[in-house]
Amino acid sequence: MKTLLIVDAQLDFMPGGGLPVENGDQIISHINLIQSQYDLVLATQDWHLQHHMSFASNHDNFKPFQDKEIDGYQQTLWPDHCVQGTEGSEFHPNMRTNCLEAIFRKGTDPNIDSYSAFYDNHHKKSTGLAGYLRDKGCESLDICGLAGDICVYFTIKDALKEGFEVRVMEKATKSLDQDRFNQQKEELKAEGVVFV
């Protein structure tokens, strides 16, 4: 079954949003173009509560993009973004959503950050995505979305651990830090990931 996973194509990750990815809105036309090629189209949403531990606004004397040790883990503190029920948590209005069969929400636990579509950052809680894909008979996965160097990257890493073959749709993916993503690409290629 040909499957596409669209990661976090939400307004807060677009230009003008709470945590914008440069030119993030440019992926929408590519996502819309390729959706019809798939038997199964899924999406994720970052879905935080306002008091989420990853928000710099919830830590005295810390600014966005600073790191802080929380419960023994290094945590990057982010600007507030994708708060449940806000406009910023919604998909880009130009993205076709009629093809979506299911949406997996992540980052719902206010005490643990969650980049991957499969697990939180400490691998304590599953989103159920791996089981869902297996139930559908999926063995491979095409992935795209935002941000390439963070949520897309960690989704790919967990997809590989779960035994799925992975292709990345590059025109439908943008990164916060493109240089970092270029380094990650070399690592992922060595692990068998194909960039299309």
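Looking up the protein in an unreviewed UniProt entry gives the name nicotinamidase, with the organism given as Psychroflexus sediminis. In its Sequence similarities (unreviewed entry) section, the UniProt entry covering the protein states "Belongs to the isochorismatase family."

> In this structure, what is going on with the layout of surface pockets? I would like to understand it.
Vacant regions in the atomic arrangement are exposed by a probe of water-molecule size rolled over the atoms. Approximately 440 Å³ is the volume found for the largest pocket. If you go around the largest pocket, you meet 23 residues; those closest to its centre are Thr76, Tyr115, Asn121, Ile150 and Phe154. Secondary-structure elements contributing two or more residues to the lining of the largest pocket are strand E4 (73-76), helix H3 (148-161) and helix H4 (178-190). No other element matches H3, which puts 6 residues into the lining of the largest pocket.

> What is the right way to look at the pairing of strand E7 (residues 165-173) in this model?
Side chains on a regular strand alternate between the two faces of the sheet. Note: strand E6 (residues 140-145) against E7, 5 bridges, orientation parallel. By the bridge assignment, Ser140 is partnered in E7 with Glu165. Regarding topology, H3 serves as the crossover connection from E6 to the parallel E7, and that connection is right-handed. Relative to strand E8 (residues 194-195), E7 runs parallel, the two being bridged by 2 bridges. Residue pairing in the sheet places Arg167 in a bridge with Val194 of E8.

> Which parts of the structure should I look at to understand H3?
The terminal C-alpha atoms of H3, which comprises 14 residues, lie 18 Å apart, in line with the 20 Å expected from a rise of 1.5 Å per residue. Here H3 lies mainly inside the structure; 11 of its 14 residues are buried. Residues of H3 that are buried: Gly148, Asp149, Ile150, Cys151, Val152, Tyr153, Thr155, Ile156, Lys157, Asp158 and Ala159. Lining the buried residues of H3 we find strand E1 (3-7), strand E5 (100-106), E6, E7 and H4. Looking at the residues trailing H3, positive phi occurs at Gly163, about 90°.

> I'm lost on the nonpolar core in this one. Help?
Most often, soluble globular proteins keep nonpolar side chains buried together rather than apart. Counting residues in hydrophobic clusters, the biggest one holds 53 residues, and the most contacted among them are Ile6 and Phe118. Considering each element in turn, this core owes the most residues, 6 residues, to H3. Ignoring any residue separated from it by four or fewer positions in sequence, one finds Phe118 in contact with Lys125, Ser126, Thr127, Leu129, Ala130, Leu133, Leu141, Thr155, Asp158, Ala159, Glu162 and Phe164.

Conventions we followed
- Residues numbered from 1 in each chain as written.
- Predicted model: local features only at pLDDT ≥ 70, side-chain atom pairs only at ≥ 80, totals over all residues.
- Heavy atoms only, no water.
- UniProt positions renumbered as here; feature names shortened; annotations may be inferred.
- 1 Å grid on protein atoms, 1.4 Å probe; cavity = no way out; pocket = protein on both sides within 12 Å on 5 of 7 lines; lining within 4 Å.
- Points joined across faces, edges and corners; volume = space filled by probe spheres on them.
- Helix = DSSP H or I, 4+ residues; strand = E, 2+ residues; numbered from the N terminus.
- Pairing = 2+ DSSP bridges.
- Right-handed = clockwise from strand over helix to strand, strands pointing away.
- Expected span 1.5 Å × (residues − 1).
- Buried < 20%, exposed > 50% of the residue type's maximum accessible area, 1.4 Å probe, protein only.
- Contact = heavy atoms within 4.5 Å.
- Core = buried A, V, L, I, M, F, W, Y, C linked by side-chain atoms within 4.5 Å.

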